[in-house]
Amino acid sequence: MYKKIKTCITILVGKPNVGKSTLFNKLINQKISITSKKKYTTQKNILGIKNKNKKQYIYIDTPGIKFIKDLYKNINNSINILNNYKIFKKINLIILLIKKEKTFEELRIIQKLNLYKIPYIILINKIDMLKNKIVLLPYIEKIKSYTTINTIIPVSIRKKKDIKIIKKKINKYLSKSKYYFNKKIITIYNNSFIFKEIIREKTMRLIGDEIPYFLKFSIRKIFQKYNHLYIKSNIYTKKKQYIPILKGKSGKKIKKIVNLSQISIRKYLKYTNKIFLYIKIKKYKN
């Protein structure tokens, strides 16, 4: 049955490590998009759904913008994902996350956003890390000279009060529509994808800068036995010398990756039963 509600389709864009995935997870109130201090953690567009009081919010987290052409790619890929689900509705809002830096690469992104006929707002994130917040004033004035929008909000997305401010702002872009997704789902991705992302996150957080981005992840098999969930996974490394780094001394590092992954998977599934996770490290060919 066609039921009129209000929806808002929002795309999160910005340079690497500005907090897009953290904001995405807080907006849908579930951890779907992985986070780490390493750049380019998000490797593909991630779609999440939040339903509340006859309102459906559709959020798309995108990979960090390294080159200006990435902005076009991220927006275009988001539109393609929506079209795949027969959603041909226009995007309601783009949220550009930036942080106060010495460079003004963000200004080039803003110039490109001005070319799209899509409303956007700017969040200056991580202001809690600034020793002197007065430096924000000339920075905001500089941004204003590149855009006609009035919504430039300094925030720390780790604070609940700032998330409330952002949600209130998003509500202004709701429009009459219908339910595009079942009210019970929070993402379009299956468990295999979520499990793989969880393992990737724990691996990236634990290896730090020891290994560049020459890692691949896969879920080989998922099955249930005696009320226990079994997950068999592979981590593929490009170079053989990375294998000892992944394993760690006496296999401690890989064991920690397994344990942390199991905890996060259990939280995601809300299973009380034990989860058995097996990871095999393999070298892959070019």
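For the structure itself, consult the block above.
Computed from a predicted model, the values in this text were never measured in an experiment.

Enquirer: Sorry, what's going on with the overall build of the protein here?
Expert: A count of helical and extended segments in the protein gives 8 helices and 10 strands. Compactness check: the protein gives a C-alpha radius of gyration of 20 Å against a globular reference of 19 Å for 286 residues, within 12% of the reference. Overall size of the protein, expressed as C-alpha extent along the three principal axes, is 55 × 55 × 35 Å. The contacts of the protein with a sequence gap of at least 6 include a subset with a gap of at least 24, amounting to 71%. In the form shown here, the protein has an accessible surface area of approximately 16300 Å², with 52% of it arising from carbon and sulfur atoms. For the protein, the distance from the average position of its 71 positive side-chain charges to the average position of its 12 negative side-chain charges is 11 Å.

Enquirer: How do you make sense of unusual backbone geometry when you look at a structure like this?
Expert: If a residue is not glycine, its phi is most likely negative; likewise, a peptide bond is most likely trans. The phi torsion at Asn 17 lies on the positive side, around 65°, for a residue other than glycine. Along the chain, Asn 17 falls in the loop between strand 1 (5-14) and helix 1 (20-28). Phi is positive for Tyr 226, close to 50°, though the residue is something other than glycine.

Enquirer: Just to check I follow, could you spell out a positive patch on the surface for this structure?
Expert: Taken together, Lys 26, Lys 52, Arg 158, Lys 160, Lys 164 and Lys 167 make up a surface patch of like positive charges. Residue position: Lys 164 is located in helix 5 (residues 160-171).

Enquirer: Just to check I follow, could you spell out the nonpolar core for this structure?
Expert: Where a protein is soluble and globular, its nonpolar side chains tend to be buried together. The biggest cluster of nonpolar side chains holds 83 residues, and the ones touching the most others in it are Leu 23, Leu 47, Ile 95 and Ile 166. Those residues in contact with Leu 23 that sit more than four places away from it in its chain are Leu 12, Ile 95, Leu 97, Leu 123, Ile 157, Ile 163 and Ile 166.

Enquirer: What am I meant to see in the pattern of salt bridges here?
Expert: Pairs may arise between side chains of opposite charge once their charged atoms sit close together. Counted under the stated rule, the structure contains 7 salt bridges. The partner of Glu 105 in a salt bridge is Lys 15, and the shortest N-O contact between them spans 3.3 Å. Taken as a pair, Glu 105 in helix 3 (residues 105-113) and Lys 15 in the loop between strand 1 and helix 1 lie far apart in primary sequence, 90 residues in all. On the basis of relative accessibility, which here comes to 12%, the residue Lys 15 falls in the buried class. For Lys 15, the salt bridge identified is with Glu 106, shortest N-O distance 3.9 Å. Taken together, the positions of Lys 15 in the loop between strand 1 and helix 1 and Glu 106 in helix 3 put the pair 91 residues apart, joining distant regions of the chain. Side by side, Lys 15 and Glu 106 carry an identical accessibility label, which is buried. Bridged by salt links that share partners, the residues Lys 15, Glu 105 and Glu 106 form one connected network.

Scoring rules and cut-offs
Residues numbered from 1 in each chain as written. Predicted model: local features only at pLDDT ≥ 70, side-chain atom pairs only at ≥ 80, totals over all residues. Heavy atoms only, no water. Helix = DSSP H or I, 4+ residues; strand = E, 2+ residues; numbered from the N terminus. Rg over C-alpha atoms; globule rule 2.2 N^0.38 Å. Contact = heavy atoms within 4.5 Å. Areas by Shrake-Rupley, 256 points an atom, 1.4 Å probe, with all protein chains shown as cover. Lys, Arg positive; Asp, Glu negative; His and termini not counted. Charge placed at Lys NZ, Arg CZ, Asp CG, Glu CD. Patch = residues over 30% accessible without salt bridge, like charges linked within 9 Å, V, L, I, M, F, W, Y side chains within 5 Å. Salt bridge = Lys/Arg side-chain N within 4 Å of Asp/Glu carboxyl O. Core = buried A, V, L, I, M, F, W, Y, C linked by side-chain atoms within 4.5 Å. Buried < 20%, exposed > 50% of the residue type's maximum accessible area, 1.4 Å probe, protein only.

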